[in-house]
Amino acid sequence: MLPDCWPALELFLGLQGQWRIVAGFGGVFYQGLDYPAVESLLRLKVSGKKKRHRLFDQIQLIEQGALKTINEQKK
């Protein structure tokens, strides 16, 4: 992993309990991260609006990969 990506990964791991999940007869489906929780964590941990925006974009990329993997495993 590139050193520039570590801060986003650390923040993503800090959000591990902040998933939006839908449960029904078909099982559990992960919709994505709870973005108000992401914003709160970024405001607590990261100074600078530009840096927060960059990290948010990186977190979304990690989220996309994680969602694909998590939801495929449920099938």
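Keep in mind that this is a model prediction, so the values were computed, not measured.

Cut-off values and rules
- Residues numbered from 1 in each chain as written.
- Predicted model: local features only at pLDDT ≥ 70, side-chain atom pairs only at ≥ 80, totals over all residues.
- Heavy atoms only, no water.
- Helix = DSSP H or I, 4+ residues; strand = E, 2+ residues; numbered from the N terminus.
- Buried < 20%, exposed > 50% of the residue type's maximum accessible area, 1.4 Å probe, protein only.
- Contact = heavy atoms within 4.5 Å.
- Areas by Shrake-Rupley, 256 points an atom, 1.4 Å probe, with all protein chains shown as cover.
- Lys, Arg positive; Asp, Glu negative; His and termini not counted.
- Charge placed at Lys NZ, Arg CZ, Asp CG, Glu CD.
- Arc of directions from axis to C-beta.
- Salt bridge = Lys/Arg side-chain N within 4 Å of Asp/Glu carboxyl O.
- Core = buried A, V, L, I, M, F, W, Y, C linked by side-chain atoms within 4.5 Å.

Q: Explain the overall build of the protein chain to me, please; I cannot follow it from the model alone.
A: Of the regular secondary structure elements, the protein chain holds three helices and two strands. Counting from the amino terminus, helix and strand elements in the protein chain follow one another as α-β-β-α-α. Sorting the 75 residues of the protein chain into buried and exposed places 29% on the buried side. Summarising the internal contacts of the protein chain: among those between residues at least 6 apart in sequence, 51% fall at separations of at least 24. About 5700 Å² of surface is accessible on the protein chain, with carbon and sulfur atoms providing 56% of the total. Computing the positive centroid from 11 side-chain charges and the negative centroid from 7, the protein chain places the two 3 Å apart.

Q: Got a minute to help me understand helix H2 (residues 35-45) in this structure?
A: Among the residues of H2, Ala-37, Val-38, Leu-41 and Leu-42 are the ones counted as buried. Axial view of H2: buried residues confined to an arc of 135°, hence all on one face. Within H2, the exposed residues directed more than 90 degrees away from the buried face are Arg-43 and Leu-44. Its buried side turned inward, H2 meets helix H1 (6-14), strand S2 (27-33) and helix H3 (49-73).

Q: Would you mind showing me how to read the pattern of salt bridges here?
A: Any two side chains of opposite charge can pair, given that their charged atoms come close. Tallying each qualifying case throughout the model produces two salt bridges. A salt bridge links Arg-20 to Asp-34; the shortest N-O distance between them is 2.5 Å. Of the two residues, Arg-20 is situated in strand S1 (residues 19-24) and Asp-34 in the loop between S2 and H2; the sequence distance between them amounts to 14 residues. Arg-43 is the salt-bridge partner of Glu-39, the closest N and O atoms lying 3.1 Å from each other. Linking Glu-39 with Arg-43, this pair stays in helix H2, spanning four residues, or about one helical turn.

Q: What's the story with the nonpolar core in this structure? I'm lost.
A: In summary, soluble globular proteins display a tendency toward joint burial of nonpolar side chains. If you look at the biggest cluster of nonpolar residues, it comprises 15 residues, and the most contacted ones within it are Leu-11, Trp-19, Leu-33, Leu-42 and Ile-59. If one sorts the elements of this core by residue count, H3 sits on top with four residues.

Scope: geometric values only; no functional claims are made or implied.
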